[in-house]
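Analysis of the macromolecular model
Each chain, written out:
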Amino acid sequence: MTGAGSGTAAGGGFAARYRAVVGERGRLCAGIDPHAALLEQWGLPVTVDGLREFAQACVTGLGPTAAVIKPQVAFFEVFGSAGLAVLEETIAGCREAGALVLADAKRGDIGSTMAAYTTAWLDDVSPLCSDAVTASPYLGFGALDPALAQARATDRAVFVLARTSNPDGARLQTARTDQGRSVAQSIVDAAAAANADGSATAGVVVGATREHGLDLSELSGPILSPGLGAQGATAQDLAVIFADTADLRWLLPAASRSILAAGPVPAALAAAVEATRDEIETALIGPNRS
Ligand SMILES: O=C(O)c1cc(=O)[nH]c(=O)n1[C@@H]1O[C@H](COP(=O)(O)O)[C@@H](O)[C@H]1O
């Protein structure tokens, strides 16, 4: 096990692990979202056996190719405990193949419960242990402290929702706080403060589907940007939305359905990752400050 995702973290913060794998594989997070429609499109039954076959093809095709892999846990949870067992195998397989695994669980709760979520997703004792997890700050950024502390101690990361890709998020996320900043900007600023030690422990999620109105320049952590492909955003949109507002070295565009549509042959999934990544790099290379 020598990949970025393998084994227990060994110092240098998430920043070092992230830079290593993105430097090698390029800026792309490939999502594993086994929608029923995709299982059918791949000629698989919508059962846990179908889910397992789908996930195995993803591990083989995406695991050695994508820098970051983001299994959306909801699609595994619909199959109950058998689905979670497939998720465990998927996480382990992708990490063994050298990818960083970002579990898309969108957790967030009061401290004591958050501590249990933290153990589930960010602790080696758990069979679901990943390299990072998505989190919702709706109970307050401070409520995420247990996850951030564990991530910092083990060179992992927590990706906090700031400005999501769906239209419904705007009203809440662009509302002004008592300090005059938008709610989304206050999340970004809290994440930047958590990253002051250079660890890149706190990532943020900012959708690629529209202008975000954020200043991400001081974040010093990864910016997961979902919305490419199936939700309508393009690689060119990324350049427009992020070129003047973020350090593009931290930009991590994400796509699920548009990559998975290339399956079920693992080599075709790998080719879809490479094509999407090349498109992103071409679009970002002009304004890239790296
Ligand atoms: O946290 C996320 O990953 C996320 C945040 C967001 O703002 N929008 C968003 O679409 N996502 C996730 O990103 C994935 C998008 O999938 P596609 O639309 O198929 O590329 C889904 O798993 C969503 O749950």
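Residues numbered from 1 in each chain as written. Predicted model: local features only at pLDDT ≥ 70, side-chain atom pairs only at ≥ 80, totals over all residues. Heavy atoms only, no water.

Turning to the overall build of the protein chain, a few remarks are in order. Per the secondary structure count, the protein chain includes 12 helices and 8 strands. The globule rule puts the C-alpha radius of gyration for 290 residues at 19 Å, and the 18 Å found for the protein chain is close to it. Its C-alpha atoms give the protein chain principal-axis dimensions of about 50 × 45 × 35 Å. Across the protein chain, the fraction of contacts at a sequence separation of at least 24, relative to all contacts at a separation of at least 6, is 73%. Accessible surface for the protein chain amounts to roughly 11,400 Å². Of this, 54% is attributable to carbon and sulfur atoms. Averaging the coordinates of the 20 positive side-chain charges in the protein chain and doing the same for the 30 negative ones gives two points 4 Å apart. (Helix = DSSP H or I, 4+ residues; strand = E, 2+ residues; numbered from the N terminus. Rg over C-alpha atoms; globule rule 2.2 N^0.38 Å. Contact = heavy atoms within 4.5 Å. Areas by Shrake-Rupley, 256 points an atom, 1.4 Å probe, with all protein chains shown as cover. Lys, Arg positive; Asp, Glu negative; His and termini not counted. Charge placed at Lys NZ, Arg CZ, Asp CG, Glu CD.)

Our next topic: the site of the ligand. Lining the immediate surroundings of the ligand are 17 residues, of which Asp-33, Lys-70, Ser-165, Gln-231 and Arg-257 lie closest. In this structure, an oxygen atom belonging to the ligand sits 3.1 Å away from a side-chain N or O atom of Gln-72. Starting from 510 Å² of accessible surface for the ligand in isolation, the protein chains cover 90%. Taken together, the elements giving at least two residues each to the shell around the ligand come down to β3 (100-107) and β7 (223-226). Looking at the shell around the ligand residue by residue, the classes come out as 7 nonpolar, 5 polar and 5 charged. (Near = heavy atom within 4 Å. Polar contact = N/O pair within 3.5 Å; in protein donor to acceptor, adjacent residues only side chain to side chain. Nonpolar A, V, L, I, M, F, W, Y, C, P; charged D, E, K, R; others polar.)

Let's shift gears to the packing of helix α10 (residues 235-242) against helix α12 (residues 266-285). At a minimum axis separation of 8 Å, α10 and α12 run at an interaxial angle of 35°. Taken as a pair, α10 and α12 cross one another with a handedness that is right-handed. Of the residues in α12, those touching α10 at Ala-235, Gln-236, Leu-238 and Ala-239 are Glu-279, Ile-280, Ala-283 and Leu-284. Split by residue class, the contact of α10 with α12 holds 6 nonpolar, 1 polar and 1 charged. (Axes fitted to C-alpha atoms, helices over the stretch in contact; angles between N-to-C directions. Left-handed = near helix turned anticlockwise from the far one by under 90°.)

With 20 residues, α12 ought to run about 28 Å at 1.5 Å a step, and its terminal C-alpha atoms sit 28 Å apart, in line with that. If you check which residues of α12 are buried, you get Leu-269, Ala-270, Ala-272, Val-273, Thr-276, Arg-277, Ile-280, Ala-283 and Leu-284. Across the axial projection of α12, the buried residues extend over an arc of 160°, all falling on one side. Opposite the packed face of α12, turned more than 90 degrees from it, sit the exposed residues Ala-267, Thr-282 and Ile-285. (Expected span 1.5 Å × (residues − 1). Buried < 20%, exposed > 50% of the residue type's maximum accessible area, 1.4 Å probe, protein only. Arc of directions from axis to C-beta.)

So far we have only geometry, and geometry alone does not tell us how the molecule works.
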